[in-house]
Amino acid sequence: MAALLARLFGSLGVLVAVSLVLFALIHANPVSPARVVLGNDASEEDIAEFNAERGLDRPVAAQYLAWAGAALRGEFGRSLVDDTAITRTIAQTMPVTLELVLWAFLVALAVALPLGIVSALYEDRWVDHLARALATIGVSIPGFWLGLMLIAWGAVGLGWFPAGGYVSWEMGAWPHLRAMVLPALALGLYYVAIISRMTRSAMGDVMLAEHVRVSRAMGLGRGRLMVYTLRNALPPVITVAAMSFGYMFGWALIVEQVFTLPGMSRALLNAIFRRDYIMILDIVLIITAIFLLANLIADALHRLVDPRVAR
Amino acid sequence: MALLEIDDLHVGFPAGGRMVEVVRGLTLRLDAGQALGLVGESGSGKSQTALAVMSLLRKPLRVTRGSIRLEGQELVGAPEATLRHFRGGAMSIVFQDAMAGLNPVFPIGTQLMDVLAAHRGLTGRAARAVAVEALEMVGIREPAARLGHYPHQFSGGMRQRVLIAMAIACRPKLLIADEPTTALDVTVQAQIVELLHELRQKLGLALLFITHNLDLMAEICDRAIVLYGGRMMEEAPIGPLFEAPLHPYGRALLDCVPRLADEPGALHPIEGAAPTPGRLGEACPFAPRCGLALPRCAEEAPPELAFGPRRAACWRLVP
């Protein structure tokens, strides 16, 4: 428990460090948001006024403290460009991205774990070869192209799923979920490949361990042997799954573009084009926080699975 | 009928289009309650014999010829379900590597009780009681409290005791001990051997004790088979074997054991190196290192000759 708390504080430290670096990078950028908003014709006075209104004329340290103080209260500040509340933009777009990633993660786990286990159990049999082929394809296909192929197959060809767009829960659970199927597949396949390969290799290693030979020598049944092996194989799989979960937020931005989902990608891309630095900072930090949280959860699970780590 | 009957056992693996054999035609009998030692250098085939009996040979190793019967039931080629029933039930094994032998992520109580569930259908409180009794029998103090502990909370010697408890929990008739003390401290070695001896008497176990340590073997076994290059060199009761080995290899092996009466620093190793499996032809495998070798030894395998309760395979003994 103490170790877990230490990890938590460490993660908060990382978060602060990331925000500092981002802030420094933003202020090292020569293009100011004032230029983007006001255009090249704007006079120096206009720009000075723009900067003064938004507090951009203060020292960088003061700006950082003001931003950080607000962020701690859950206030992410206002857009430099159109003055909308960033907290509201995030509240609108974040749930869509989060849901997409969660579905993709569930799909990845639900396919990868059984696939990895079965291919370890039937090493070098057809199941194993099929899984390996799938994994190679999975890591080779770029997500956006897979998205387009899924649209061509599932939406245009079969007509089972919409080709894109978001359907809110209020329109009914089934239409909502149906719109998420193809994006979740497009995002998840790569991680099916990664996680299933890790599961297979971890299982394969454990199956050669001395204690598994002892369990066999004691005449344990298949089911028990499986439980004995799997629990030993889980730690590396948990680590990879947690990292995958974090990475998915990055790839989700592209998948959202392909399927025109109103997630964080549009907000982030707009912010990048318009040099809306505070918006960029906030979104990147939130993704960082999710990544750190996923790793913390992985750490806790790891402790749960392996008593040797718990001490 | 003997408890364990092995006839003309061959264990090998395919390599380069032919079979490389690591056990070559071993025959032995072990009666209920008896203790038989299998002794030999690394690579003599003793551990592969043990694994063959348990049907736990690791691929690509497999039994290529011969028969292994436990209470008359053929084990070679038996279906997996039958083997599972025998393993941990009528026959059990304790391995060398006690440190790695227990599953690190389950409490030892769970591991013990799973064996009881597999063979005796015991669960819950009944399984717990038998598990406590088994731990008590192998000399683990406060066994009830220890059930919930994980392997990393035990020392190497204690882990070996737990593994022995698992092996005997279902009252096997045959216990194979495959170098059970090699990885342990010398002081602990003696305790484990003592424990095996005690259990054998208490439970009427037949023991197949595999070792390269002649002294440990002498303490626990009634009889021993000396293996070399996958073949039986000599079989004899412990007393006669130590007093007057028939086979030159048995003689050389005994000479290797340092004695207190020896000159300080005096060691008598067997010159040369143990044979490589696959390089062995039909000749006596010991011939290249044997001081008494005849021209014939390098050409033809010697027949197994019986001398009362003893057996030996050596051309020097052929009248």
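**What to know about the pairing of strand β12 (residues 310-313) of chain B**
Residue and element names in this part refer to chain B. On β12, burial covers both faces: Arg310 and Ala312 on one face and Arg311 and Ala313 on the other are all buried. Sheet analysis places strand β10 (residues 231-237) next to β12, joined by two bridges and oriented antiparallel. Its bridge partner lying in β12, Glu235 is registered against Arg311. The sheet contact formed by strand β11 (residues 304-307) and β12 spans four bridges and is antiparallel. Bridging from a neighbouring strand, Ala306 pairs with Arg311 of β12. Between the antiparallel neighbours β11 and β12 lie two residues, among them Gly308 with a positive phi of about 60°.

**Comments concerning the interface of chain B and chain A**
If you look at the interface, chain B gives 32 residues, while chain A gives 23 residues. Both faces combined, the contact of chain B with chain A buries some 2,400 Å², and carbon together with sulfur accounts for 61% of it. If you look at where chain B meets chain A, you find two salt bridges. The salt bridge involving Arg224 of chain A is made with Asp114 of chain B; its shortest N-O contact spans 2.8 Å. Connecting chain B to chain A are 10 residue pairs in polar contact (both at pLDDT 80 or more). Those elements that provide at least two residues to the side of chain B that touches chain A are α1 (46-54), α2 (80-86), β6 (91-94), α3 (98-101), α4 (108-120) and α7 (156-168) of chain B. With six residues, α4 of chain B is the largest single contributor of residues to the side of chain B that touches chain A.

**Things to note about the pattern of salt bridges**
Going through the model one piece at a time under the given rule, you end up with 28 salt bridges over all chains. Ionic pairing is found between Glu80 of chain B and Arg216 of chain A, a salt bridge with its closest N-O pair at 3.9 Å. One end of the pair, Glu80 of chain B, is in helix α2; the other, Arg216 of chain A, is in helix α9 (residues 210-217), on a second chain. Residue Glu80 of chain B is classed as partly exposed on the basis of its relative accessible area of 38%. Shared partners join several salt bridges into a network, and the residues in it are Glu123, Asp128, Arg132, Arg197 and Arg200 of chain A.

**Here we look at the side chain of Thr199 of chain A**
All names here are of chain A. Looking at the secondary structure, you find Thr199 in helix α8 (residues 173-207). Judged by its relative accessible area of 2%, Thr199 falls in the buried class. Excluding its chain neighbours within four sequence positions, the residues that come into contact with Thr199 are Ala112, Leu113, Gly116, Ile117 and Val237.

**Remarks on unusual backbone geometry**
The residue after Lys59 of chain B, namely Pro60 of chain B, is reached through a cis peptide bond having omega 5°. A positive phi angle, close to 40°, is found at Thr260 of chain A, a residue other than glycine. For Thr260 of chain A, a relative accessible area of 43% gives the class partly exposed.

**Focus on the packing of α8 of chain A against helix α10 (residues 222-258) of chain A**
Residues and elements named next belong to chain A. Interhelical geometry of α8 versus α10 gives an angle of 155° and a closest axis separation of 8 Å. With respect to α10, the element α8 is oriented roughly antiparallel. Helix-helix and strand crossings are classified by hand; for α8 and α10 the assignment is right-handed.

**Comments concerning the packing of aromatic side chains**
Applying the stated rule across the entire model yields 13 aromatic pairs over all chains. Taken together, a centroid distance of 4.5 Å and an interplanar angle of 55° make the contact between Tyr228 of chain B and Tyr249 of chain B tilted. Here Tyr228 of chain B, found in strand β9 (residues 223-228), pairs with Tyr249 of chain B, found in helix α11 (residues 248-256); they are 21 residues apart in sequence, far enough to count as distant. Of the two residues, Tyr228 of chain B and Tyr249 of chain B, both sit in the buried class. Cluster of aromatic residues (ring-pair linked, three or more members): Phe23, Tyr64 and Trp67 of chain A. The side chain of Arg213 of chain A reaches across the aromatic face of Phe95 of chain B, ending 4.2 Å from its centre. Sitting over the ring of Phe154 of chain B, Arg146 of chain B keeps its end group 4.0 Å from the ring centre.

**Overview of the confidence of the model for chain B**
Confidence in the prediction for chain B averages 89 pLDDT; 99% of positions are at 70 or higher. Here the predicted complex scores 0.84 on pTM and 0.89 on ipTM.

**What about the environment of Ile254 of chain A?**
Examined against the element boundaries, Ile254 of chain A turns out to sit in helix α10. Each C-alpha atom, one on Ile254 of chain A and one on Gly147 of chain A, is 9.5 Å from the other, the two residues being 107 residues apart in sequence.

**Considerations on the confidence of the model for chain A**
Residues at a pLDDT of 70 or more form 99% of chain A, whose mean pLDDT is 87. Least confident of the elements in chain A is helix α2 (residues 33-38) of chain A, whose mean pLDDT is 76; most confident is α9 of chain A, at 94.

**Comments concerning the nonpolar core**
Among soluble globular proteins, nonpolar side chains are generally buried collectively. Within the largest apolar cluster, 112 residues are counted, with the highest numbers of intra-cluster contacts made by Leu4, Leu70, Ile164, Leu174, Ile176, Phe209 and Phe286 of chain B. The contact partners of Phe209 of chain B, leaving out residues within four places of it in the chain, are Leu36, Gly37, Leu38, Ala177, Pro180, Val193, Leu196, Leu216, Met217, Ile220 and Cys221 of chain B. Of all hydrophobic cores here, the second largest spans 63 residues; its members include Ile117, Val240, Leu261 and Ile287 of chain A.

Rules used throughout
Residues numbered from 1 in each chain as written. Chains lettered and ligands numbered in written order. Predicted model: local features only at pLDDT ≥ 70, side-chain atom pairs only at ≥ 80, totals over all residues. Heavy atoms only, no water. Buried < 20%, exposed > 50% of the residue type's maximum accessible area, 1.4 Å probe, protein only. Helix = DSSP H or I, 4+ residues; strand = E, 2+ residues; numbered from the N terminus. Pairing = 2+ DSSP bridges. Contact = heavy atoms within 4.5 Å. Buried area = accessible area lost by both parts, 1.4 Å probe. Salt bridge = Lys/Arg side-chain N within 4 Å of Asp/Glu carboxyl O. Polar contact = N/O pair within 3.5 Å; in protein donor to acceptor, adjacent residues only side chain to side chain. Axes fitted to C-alpha atoms, helices over the stretch in contact; angles between N-to-C directions. Parallel < 35°, antiparallel > 145°, perpendicular 65-115°, else oblique. Left-handed = near helix turned anticlockwise from the far one by under 90°. Phe/Tyr/Trp six-rings, centres within 6.5 Å; stacked < 30°, edge-to-face > 60°. Lys NZ or Arg CZ within 6 Å of the ring centre and 35° of its normal. pLDDT = per-residue confidence, 0-100. Core = buried A, V, L, I, M, F, W, Y, C linked by side-chain atoms within 4.5 Å.

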